[in-house]
Amino acid sequence: MQKRVRKAVFPVAGLGTRTLPATKAMPKEMLPIVDKPLIQYAVEEAKAAGIEEFFFVTGRGKSALEDHFDRAFELEATLRERGRTKLLEELQSWLPEPGNIAYTRQQSPLGLGHAVWCARYLVGNEPFAVLLPDELFVDETPCLKQMAAAYAEVGGNIVAVREVPREHTSRYGILDPVADQGRIVRAKGVVEKPEPARAPSTLSLIGRYIIQPEVFAHLAKGERGAGNEIQLTDALAKLIADGQPFFGMRVEGRRFDCGDKLGYLEANVALGLRHPELGPGLKRILEAYV
C-alpha cells in the first residue's frame, strides 16, 4: 500500500529578481496578494490537501517569512485587549501545529533540484509534495488537493501541467507524454526548457509536484543541466528511467505567475474582486480607470 503524502517542501531561497526593486529587502514570498502574503496561500493549499509537515528551503534575508509563521505575542495581546477577537482568530487559524514546520538553508543558488535536495533529511523516506509559491492557483478544490486525490488512485509521481504556446516551451519544463487520458497524462520523460522545434509536447510543468523519495539519490549526484543548474526535471526524468510511474495532471482553476510583475498585479485584481469585503469597492475603482 502506498504511503500518504504528509510532507511538503517550499523552495523559497530565490532572490526575486523579476520583481525588483520591490523584493530588494523583502522576500518575494511575502509580497501581499490582497490581504495575505503569497507564501500563506501556498501553505493553506497544502493544508487543504492533508499536508501535516511543512519544510521551507530558505536563504539569506528570509527572516520575515519565518516570523510570519510564528506566534506574535505582543500583537496578539494588543488585539485581545482591544476586543479584536475575529482578527485574532484569523491570525491563529492558519498557523501549522507546533513542531510541524521546519527551515533549512540553501547556501548556494544552484537550482530548484538543489533546493529540493537540501530538504532530504527533513523529508526522509516518504513521498512528498513540492509547491513553488510564485505559482498561485485559485479553484474551489485547491490544486494540490486535486493532485493528492489523483495520487491516491494512480500512485507514482505526479506533476501539475498546463498547455502553453509552442513558442514558449523554452521557458518551462515540458512533459514527454506516452498516453493521454484527458486529465491524467502518462509520461515517458520530462525535458527542461526545450526549443520549440524539439519540444515533445506543449504540456508545461507549473510548480506543483508529488514525488517519490528516490529522487534524492539522483539529486545527490549534483549533475548540472539547463542554465548550469541542478534541475529537478532532470532527476524526475531519471525516476522514469528507473521504471517509476510518472504522470502529468491537467489541474482545474486559474493560475497566476506571481513572480512576474503583470501576473502579480493580475492576481491582486482577480482575488481582490473575489474578496467578500473588498470586492465591490475594488470593482468601482477599476470601473473608474478602465
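The structure displayed is predicted, hence computed values, not measured ones. The residue numbers shown here count from 1 along each chain, following its written sequence. Residues qualify for local features only when their pLDDT is at least 70, as the model is predicted, and side-chain atom pairs are given and counted only at 80 or more; totals for whole chains, interfaces and linings, by contrast, use all residues. Note that water and hydrogens are dropped before the side-chain values are worked out from all heavy atoms of the structure.

### What to know about helix H7 (residues 143-154)
What counts here: Only DSSP runs of H or I covering at least 4 residues are called helices, and only runs of E covering at least 2 are called strands; the numbering of each starts at the N terminus. Here the expected span of a helix is defined as 1.5 Å times the quantity of residues minus one. The classification of residues rests on relative accessible area computed with a 1.4 Å probe and restricted to protein chains. Under 20% of the type maximum is buried, over 50% is exposed, and intermediate values are partly exposed. The arc in question is the one spanned by the directions pointing from the helix axis to the C-beta atoms.
Taking 1.5 Å of rise per residue, 12 residues should cover 16 Å, and H7 covers 17 Å from first to last C-alpha, within 8% of that figure. Here H7 has its buried residues at Cys143, Leu144, Gln146, Met147, Ala150 and Tyr151. Burial along H7 is one-sided: seen end-on, the buried residues are contained in an arc of 150°. Away from its buried face by more than 90 degrees, H7 exposes Ala152 and Glu153. Directly beyond the C-terminal end of H7, a positive phi value near 65° is found at Gly155.

### Here's the deal with the pattern of salt bridges
The test is simple: Basic side-chain nitrogens of Lys or Arg form a salt bridge, by our definition, when they fall within 4 Å of a carboxyl oxygen of Asp or Glu.
Summed over all chains, the structure comprises 16 salt bridges. Its salt-bridge partner being Glu126, residue Lys7 comes within 3.4 Å of it at the nearest N-O pair. In this pair, Lys7 is assigned in strand S1 (residues 7-11) and Glu126 in the loop between helix H6 (120-123) and strand S6 (128-131), connecting sequence segments 119 residues apart. You'll find Lys7 and Glu126 in the same group, each marked buried. Here Glu29 and Lys62 are joined by a salt bridge, their closest N and O atoms 2.9 Å apart. One end of the pair, Glu29, is in the loop between S1 and strand S2 (32-33); the other, Lys62, is in the loop between strand S4 (53-58) and helix H2 (63-68), and 33 residues separate them in sequence. Relative accessible area serves as the criterion here: at 1%, Glu29 is assigned to the buried category. Three or more residues joined by partner-sharing salt bridges are found here, namely Arg4, Arg6, Lys7, Glu52, Glu53 and Glu126.

### Quick look at the side chain of Thr23
Quick note on the threshold: Should any heavy atoms of two residues lie within 4.5 Å, those residues are considered in contact.
One can find Thr23 in the loop between S1 and S2. Of the residues examined, Thr23 reaches a relative accessible area of 5% and is grouped as buried. Beyond its immediate chain neighbours, meaning those up to four positions away, Thr23 contacts Leu15, Gly16, Lys28 and Leu31.

### A word on unusual backbone geometry
In this chain, Leu20 is followed by Pro21 through a cis amide linkage whose omega measures 5°. If you trace the backbone, Pro21 turns up in the loop between S1 and S2. Backbone geometry places Val34, a non-glycine residue, at a positive phi of 65°. Counting through the fold element by element, Val34 comes out in the loop between S2 and strand S3 (36-37).

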